[in-house]
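Here are the chains, one letter per residue:
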Amino acid sequence: MYSMKEIKKAVRRDRDLKSSLVKTTEKDAILFDITGDKVADLAILDVTGDGYADTIAIDTIGDGYFDTVFIDTDGNDIPDTILCGNLQQGVINDAIHGPEVEAIITEIADTVISAVMEAAFTEVAANTVAASICTELEEAAKVADREYRTKIKEIKKAEHEERKADAIESMKQQLNERKVKIEAALKRGKKQ
């Protein structure tokens with residue numbers, strides 16, 4: 001297993017794990033509060049005193065007492081002994097020991113690792129799809145923006161042309177009115 005120092009250093013670097021740490025003065029114990037009740041639910045221990053983690057204790061019931069312990073007695077980094085009971089009071093209801101325990105724990109660890117890897121691959125795939133969708137949406141937004149700007153320019157150009165046509169029509173009308181006035185003035189002048 002890992003040294004207690006390595007585990008403590010890794011836990012302190014991880015925000016989520018760091019927030020679940022339960023402070024203790026024991027250098028041979030790392031305690032975690034998983035349920036948020038300020039009482040340790042999980043402990044990583046160095047029972048042999050060699051500086052390496054060799055035991056994991058769990059409070060599976062939530063009563064504040066460690067009732068399940070996984071111990072590596074042969075030093076191969078795989079727990080080979082499981083104790084169940086009220087261990088703070090020294091009551092052991094079940095004790096399982098031997099290579100079968102290692103095989104089952106290895107199988108459980110493989111299953112957990114496989115599930116974690118599958119979740120990681122799923123997360124990567126989901127992130128890739130999400131990034132692709134975001135890129136497509138950004139492109140669609142750019143196209144829509146260009147079309148909008150083009151349409152606005154066309155509308156402004158059409159309005160400008162319309163105003164220009166209206167101005168020309170207005171000038172023609174004014175010229176016609178002046179022409180009529182001039183012709184009327186000329187007719188009056190000829191009569192006099």
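Just so we're clear, the structure is a prediction, and the values are computed from it rather than from any experiment.

Which parts of the structure should I look at to understand the sheet that holds strand β3 (residues 42-45)?
Through backbone hydrogen bonds, the strands of a sheet pair up, either in parallel or in antiparallel fashion. Pairing is antiparallel across the open sheet formed by seven strands, whose spatial order is β1-β2-β3-β4-β5-β6-β7. Edge positions in the open sheet fall to β1 (21-22) and β7 (91-97), since each of these has one partner strand only. Where strand β5 (residues 68-71) and strand β6 (residues 81-86) come together, four bridges link them in antiparallel fashion. The residue bridging V69 from the neighbouring strand is L83, located in β6.

Would you mind showing me how to read the side chain of D33 here?
Its location among the elements puts D33 in the loop between β2 (29-32) and β3. For the buried D33, no salt bridge is present, and the opposite-charge side chain at shortest range is K38, 5.7 Å distant. Here the side chain of D33 touches D37 through a polar contact of 3.2 Å, landing on its backbone nitrogen. Engagement of the side chain of D33 in a polar contact is seen with the backbone nitrogen of K38, the distance being 2.7 Å. If near-sequence neighbours (up to four positions away) are discounted, D33 is found in contact with S20, V22, K38, V39, A40 and D41.

I'm lost on a nonpolar patch on the surface in this one. Help?
A contiguous nonpolar patch, built from V129, I133 and L137 and spanning about 290 Å² of accessible area, is present on the exposed surface. With respect to the secondary-structure elements, I133 resides in helix α3 (residues 99-191).

Which parts of the structure should I look at to understand helix α1 (residues 4-13)?
Residues spaced three or four apart along an α-helix face the same direction, because each turn holds 3.6 residues. If you check which residues of α1 are buried, you get M4, I7 and V11. For α1, the buried positions fall inside an angular range of 65° around the axis, keeping them on one side. Facing away from the buried side of α1 by over 90 degrees, the exposed positions are K5, K9, R12 and R13. Where α1 is buried, its residues touch α2 (15-20), β1, β2 and β3.

About the cut-offs
- Residues numbered from 1 in each chain as written.
- Predicted model: local features only at pLDDT ≥ 70, side-chain atom pairs only at ≥ 80, totals over all residues.
- Heavy atoms only, no water.
- Pairing = 2+ DSSP bridges.
- Helix = DSSP H or I, 4+ residues; strand = E, 2+ residues; numbered from the N terminus.
- Buried < 20%, exposed > 50% of the residue type's maximum accessible area, 1.4 Å probe, protein only.
- Lys, Arg positive; Asp, Glu negative; His and termini not counted.
- Salt bridge = Lys/Arg side-chain N within 4 Å of Asp/Glu carboxyl O.
- Polar contact = N/O pair within 3.5 Å; in protein donor to acceptor, adjacent residues only side chain to side chain.
- Contact = heavy atoms within 4.5 Å.
- Patch = residues over 30% accessible without salt bridge, like charges linked within 9 Å, V, L, I, M, F, W, Y side chains within 5 Å.
- Areas by Shrake-Rupley, 256 points an atom, 1.4 Å probe, with all protein chains shown as cover.
- Arc of directions from axis to C-beta.

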